[in-house]
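Observations on chain architecture
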Amino acid sequence: MNERSDQTSSNSSKMKKDGVIFEFCEVCNLNHNQDSRHKYFPSHVNSLSSIISRFHKKLSNIRSYLKSPVPHGSENRVWCVFCNCDIEELPSFFAFGTAIHHLASASHLKNTKNFLWKHGGKMDKVDSLRILEADVVKWEKKCRLLKSDGANETTHGSLNDIHNEFNSKCIDTFNQNINQSINSSYMNVVECVKQDFGSIDILVHSLANGPEVSKPLLETSRNGYLTAISASSYAFVSLLRHFLPIINSGGSTISLTYIASERIIPGYGGGISSAKAALESDTKVLAFEAGRKSKIRVNTMSAGPLRSRAAKAIGFIEMMIDYSVKNAPFAKELSADEVGNAAAFLASPLASAITGSVLYVDNGLNAMGVGVDSPVFTNLDIPTGN
Ligand SMILES: [Zn+2]
Ligand SMILES: [Zn+2]
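I will try to describe carefully the structure that is included in this document. (Residues numbered from 1 in each chain as written. Chains lettered and ligands numbered in written order. Predicted model: local features only at pLDDT ≥ 70, side-chain atom pairs only at ≥ 80, totals over all residues.)

A tally of regular secondary structure across the protein chain gives 12 helices and 12 strands. Expressed as a percentage of the 386 residues in the protein chain, the buried residues total 33%. Long-range pairs, those at least 24 residues apart, make up 68% of the contacts in the protein chain between residues at least 6 apart in sequence. (Helix = DSSP H or I, 4+ residues; strand = E, 2+ residues; numbered from the N terminus. Buried ≥ 20, exposed ≤ 12 C-beta atoms within 10 Å, placed from the backbone. Contact = placed C-beta atoms within 7 Å.)

Following the sequence through the fold, Lys-118 ends up in helix H3 (residues 106-119). For the pair Lys-118 and Cys-25, spaced 93 residues apart in the sequence, the C-alpha separation amounts to 10.0 Å.

Quick look at the nonpolar core now. Counting 24 residues, the largest nonpolar core has Cys-80, Phe-82, Ile-87, Ala-99 and Ile-100 as the members making the most contacts within it. Among the elements of the structure, helix H1 (42-67), strand E5 (78-80), strand E6 (85-87), helix H2 (97-103), H3 and helix H4 (133-149) are those that each provide at least two residues to this core. No other element matches the four residues that H1 contributes to this core. Grouped together as the second largest cluster of nonpolar side chains are 22 residues, Phe-243, Ile-247, Leu-279 and Ala-287 included. (Core = buried A, V, L, I, M, F, W, Y, C linked by C-beta atoms within 7 Å.)

Moving on, we come to the sheet that holds strand E8 (residues 200-205). Strand order in the open sheet formed by four strands is E8-E10-E11-E12, with parallel pairing between adjacent strands. The sheet terminates laterally at E8 and strand E12 (358-361), the two strands that pair on one side only. The sheet shows a mean angle of 20° between the axes of neighbouring strands, direction not considered. Sheet contacts for helix H9 (residues 272-294): strand E10 (247-257), strand E11 (297-303) and E12; angle to E11, the most-contacted strand, approximately 155°. (Pairing = 2+ DSSP bridges. Axes fitted to C-alpha atoms, helices over the stretch in contact; angles between N-to-C directions.)

Although it is not a glycine, Asn-29 sits at a positive phi angle of roughly 60°. With respect to the helices, strands and loops of the structure, Asn-29 is situated in the loop between strand E3 (20-25) and strand E4 (30-32). The exposure class assigned to Asn-29 is exposed, which follows from the 8 C-beta atoms found within 10 Å. Its identity as a non-glycine residue notwithstanding, Asp-381 has a phi of 60°, on the positive side. What makes Asp-381 exposed here is the crowd of 6 C-beta atoms within 10 Å.

This is how it looks when you write it as structure tokens:
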């Protein structure tokens, strides 16, 4: 959630010009010099009522999802005019999940009251502009039921760890996960971490989602492409922005990328390759911004093919492992420990001067310019390493 300002009142500004005080009204979107009388002017009253009716419309749409939850909501953006914030939808959760929690939150209630009070709205409207906690509880129950109904469904080649979790038999884990996930906008997560730990030293972003990963880029829809970018790249930008205030100076952040960002890897489609390219570029820019602002390091790790659960969703991981063993400088399978060890190094003070970098943990495969298992190299007698 992108909270631009905590309270709508902070959005207004007063300025003095030729002895007259002008004030900005966010309802009318103009400067006026009418003081508190402004809110009684017909044009203001009309603007206010059209804002409220637009919000009612939006809310009635969201209420339909509250009544019948729809899993894996796509990118639904909601602008909360009362809180002056952009509510980002997390693509793998139930549709409008983030918005539903926002609209039921105490801060939304407070901001809505402030907004109505400031702009002359009727206070009895408040309940029609929010969602009641009791309805959220019912909705969550339905989400859980939906989950257990869907336990036997199969995924359709989607690179979506959370989705796979959804379909796994580990109902308890899922229930825990989904409850925590749905309950948490990034801000809530930060708040919880802050309460539990005060501040942190290490932040790891390990998430990618591309609903059309099995499609070639040429056949990827706009929605599939944007969802991939949103969940796999922007998610890190947003995560870092929200966590920055509680990461200690000298702290380290790590995300996970893949060489498909810069080299052609057929089969890694749906815009995920584009998302990884964005992630690597953002790593550099964020390293500068977070470095200057808070002395925090930002790095990304590019691991070789690994038999992880998420990788299995792409479907050709065995082939890629085989390719790496045959062509990388080290002719062996990569282990999760090797990736973990490199992450521990990056997170530790041993890497205190390393920021803005892509660290390859891939048995050196990234350095190869050709596949040495090609028959054209037969006569070179290249050692197999085995
Ligand atoms: Zn106005
Ligand atoms: Zn709000």
